[in-house]
Amino acid sequence: MLNRTDWSDQLLDSLLWVIQAFVMSAIGVALAAILLVRFTAWGAQFARVTGGYFPATVRSQVWGELAAMLLLVVVAVRINLLLVYQFADTFGALHLGDPQVGAVDAADASASFRRGLLIVVILLLAAFVRWGLARWLAVRFDLRWQTWLTAKVLGDWLADRAYYRSRFIDETVDNPDQRISMDVEKLVRRSRQLAVGVVGAVVTVAAFTSLLWDLSGSLGIGGLSIPRALIIFGVLYVIVVALVTVRIAGPLVGLEFWNERLAANYRYALVRLRESAENVAFYRGEQAESSGVLDRFDALVDNDRAVRLHRLRLDAWTLVSGVVAALLAAVIQAPRVIDGTLSFEGLLQSILVFVLLERAFAFAGRRFGRYAALRSALDRLDALFAANARSRALPTVGTTDTTHAVRVDGVEVRTPLGEVLVEGLDVTLSPGEGVVVKGASGSGKTTLLRGLSGMWPFADGHFGRPPDADGTLFVSQTPYLPLGSLRSAVVYPADPAGFGDADLRTALVRVQLGHLAERLDQEADWAKILSPGEQQRVAFARVILLRPSAVFLDEATSAIDEGLEHWLYSLIREELPNLIMISVAHRSTIEGHHTHRLNIDGGGRWRMTDIR
């Protein structure tokens, strides 16, 4: 019976081969990573964005998963190598058993074919098991990495109010929500796919090049003998394939970047329409909204059409170049088969090895779409981190903690164009005192509160207030109600677990929201359910429950009638007699709940007077 490949020692030989290839690959990957980070722009970007995930001192499990994925890549190459030998042996047996060839007995050839086919099936089953393990490990690795990176990006965006102050920097970033929700996932998945693919391609080249060298021979063309023709033509072919691929796929990086931006703009327009549905309905602005949304959609479609066209060309070229690679190997080796210097099995091996090597060499080009998506996600996340850093570098009013007092020393507030709204403001308030801030619309009342809270970058001076742990609370004209249960909305931003149901219900009843007292655990978008007046009453319940030492109220009763306004302010004074209260308001009815009046007269001028 035919027996070309000796399988008696293959298990041990394959194990030693895998160990050696794994060690060399691990060293190569480590060196390549260091060089990419030090000498390439996108490598440095990658390190800035997500490099902190990989330190060995804190991520031993991560390194274990990386090692396992690398090992599975090496195992895949070894299985492919064995399949190349076995395919040639198996189907070569049929050729030798052909009566016209007559090299061996037909029965012997048939037995060899069945035996070879069984080995091929076993190798294919091993490849399938390896593939399943690789997919399972990839999912675990991606989810763990994505969770970590999402927490990092979100934390950096929220730190020091970068999510708000970034609107004041010179180069703002669009759609940070999409960068966090989609670009993080894309960066993680594409990075892993490309890393695994590149390592697999390099190991394939290293494993199969020597075999292709042995299979190569001289080829005579017009009296000229070309040594190692399969190698020479293979290199030339790979260069041509790579150049054409880059030519076709080059624009994909920029197109992918714009695709993400345009898709985010389109989604944002739809979300904004949903959130502003009532105002649009009052204005009957359906036609205007439809026009605006469709304009954004048309821009997305135009760009997406270009992306799909380039991908179609790339896929077509990939298919054609793969077929041509097989044909080229057959054409180059056919004369040697005819003259008897190469066996039929050698021809089969030549075709298989040539195609595998062509795919490995052309991997980068054929995965250009993935690389483009990765570069787009990396650029967008790196830009978000840079914007966050610039926003944190913007100036702010200096703040210090005080013991139950509010002090404003030499505070100046300006517009973004440099116009002075408030200049040299000095105010000192003790427990139980309050200031009502008055002034014409646009004089800078709300902007003053933004400056004191650290949100407005066009301000300087000094602000002393009770520490956040004791409670300095800012209440805007439209109170923020987070998604979730009503109890979470009422005590925001505190932990609802620290408040009993009885206290929550009592607070709601006292602010005239008793009809909500039994709905504490109902999950809803409360900003869409409650009226503006009800939302402002929730904010007063929040003040009662959180019991801050100082509260800043910006038109906090603008949607409430004067009678209920009087009740709410009286309630706060009753519940928190030592509360320091600063209110921005147009109505004169709330002045009786404060001890001082601050008039902002414009041009930086201001006047402070006693009310009682």
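If you're wondering where the values come from, they're calculated on a predicted model, not measured in any experiment.

Draft legend 1. Quick peek at the pairing of strand S13 (residues 596-602). Among the 7 residues that make up S13, 5 are buried, leaving the element largely enclosed by the rest of the structure. Sheet topology note: the strand S6 (residues 434-439)/S13 ladder contains 5 bridges and is parallel. Directly across from lysine 438, in S13, lies its bridge partner asparagine 599. Relative to strand S14 (residues 605-610), S13 runs antiparallel, the two sharing 6 bridges. Opposite arginine 597, over in S14, you have threonine 609 as the bridge partner.

Draft legend 2. Broad picture of the pairing of strand S4 (residues 406-414). Of the strand pairs in this sheet, S4 and strand S5 (residues 420-429) are connected by 6 bridges, and their pairing is antiparallel. Counted as the bridge partner of valine 408 is valine 427 from S5. Taken together, S4 and the strand that follows it, S5, pair antiparallel across an intervening segment of 5 residues, in which glycine 418 is found at a positive phi of about 95°. Summarising the sheet, S4 and strand S7 (residues 459-465) pair through 5 bridges and their orientation is antiparallel. From the neighbouring strand, glutamate 412 faces S7, where its bridge partner is aspartate 460.

Draft legend 3. Up close: unusual backbone geometry. Between tyrosine 492 and the following residue, proline 493, the backbone shows a cis peptide bond with an omega angle of 10°. Tracing the backbone through its elements, the reader meets proline 493 in the loop between helix H15 (486-491) and helix H16 (501-510). If you check the backbone angles, asparagine 175 has positive phi at about 50° while not being a glycine. With respect to the helices and strands, the residue asparagine 175 is situated in the loop between helix H5 (162-165) and helix H6 (176-215). A relative accessible area of 11% places asparagine 175 in the buried class.

Draft legend 4. Quick look at the sheet that holds S7. Taking strand neighbours across the sheet as the criterion, the 4 strands line up as S3-S7-S4-S5 in an open arrangement whose pairing is mixed. Unpaired on one side and paired on the other, strand S3 (398-401) and S5 mark the two borders of the sheet. Taken pair by pair, the neighbouring strands of this sheet meet at an average axis angle of 10°, ignoring direction.

Draft legend 5. Focus on the sheet that holds strand S8 (residues 472-475). With respect to topology, 6 strands assemble into an open sheet ordered S8-S11-S12-S6-S13-S14, the strand pairing being mixed. Across the chains shown, the open sheet's two edge strands, defined by having one partner strand only, are S8 and S14. Going across the sheet, the axis of each strand differs from the next one's by a mean of 15°, ignoring polarity. Both S8 and strand S11 (residues 550-554) contribute to a ladder of 4 bridges, which runs parallel. Bridge pairing in S11 places phenylalanine 474 opposite phenylalanine 552.

Draft legend 6. Inspection of the nonpolar core at higher detail. Of all hydrophobic cores here, the largest spans 57 residues; its most connected members are Leu149, Val153, Leu187 and Phe208. Secondary structure elements with two or more residues in this core: helix H3 (60-96), helix H4 (106-158), H6, helix H7 (229-249), helix H10 (286-338), helix H11 (344-361) and helix H13 (368-392). Excluding residues that lie within four positions of it along the chain, leucine 187 makes contacts with Phe46, Val49, Leu149, Leu374, Ala377, Leu378 and Leu381.

Draft legend 7. Main features of H6. Taking 1.5 Å of rise per residue, 40 residues should cover 58 Å, and H6 covers 55 Å from first to last C-alpha, within 8% of that figure. The sharpest bend along H6 reaches about 35° and sits at aspartate 183.

Draft legend 8. Fine view of a nonpolar patch on the surface. A contiguous nonpolar surface patch, about 660 Å² in accessible area, is contributed by Leu12, Leu15, Leu16, Ile19, Val23, Ile27 and Leu31. Relative to the assigned elements, leucine 31 resides in helix H1 (residues 10-39).

Cut-offs and rules
- Once a new chain begins, its residue numbering starts again from 1 and follows that chain's sequence as written.
- The model is predicted, so local features are restricted to residues of pLDDT at least 70 and side-chain atom pairs to those at 80 or more, both for listing and for counting; the totals for chains, interfaces and linings are taken over all residues.
- Water and hydrogen atoms were dropped before computing side-chain values, which therefore reflect all heavy atoms in the structure.
- The rule is simple: take the accessible area with a 1.4 Å probe, protein chains only, and divide by the maximum for that residue type; under 20% is buried, over 50% is exposed, in between is partly exposed.
- To qualify as a helix, a DSSP run of H or I must reach at least 4 residues; to qualify as a strand, a run of E must reach at least 2; elements of each kind are numbered from the N terminus.
- For two strands to count as paired, DSSP must find a minimum of two bridges between them.
- Only the contacting stretch of a helix is used when fitting its axis, a line to C-alpha atoms as for every element, and angles between N-to-C directions run 0 to 180 degrees.
- Only buried Ala, Val, Leu, Ile, Met, Phe, Trp, Tyr and Cys residues count toward a nonpolar core, and they belong to the same one when joined by side-chain atoms within 4.5 Å.
- Residues are treated as being in contact if the distance between any of their heavy atoms lies within 4.5 Å.
- In this analysis, the expected span of each helix is defined as 1.5 Å times one less than the number of residues it contains.
- Think of it this way: the bend at a residue is just the angle between two axes, each fitted to seven residues, one set ending at that residue and the other starting at it.
- The patch calculation keeps residues exceeding 30% relative accessible area without a salt bridge and links them within 9 Å when they carry like charges or within 5 Å when they are nonpolar (Val, Leu, Ile, Met, Phe, Trp, Tyr).
- Exposure was quantified through the Shrake-Rupley algorithm and a 1.4 Å probe, taking into account, for residues, occlusion by the shown protein chains and nothing else.
- A carboxyl oxygen of Asp or Glu within 4 Å of a side-chain nitrogen of Lys or Arg is what we treat as a salt bridge.

Treat this as a map of the structure, not an account of what it does.
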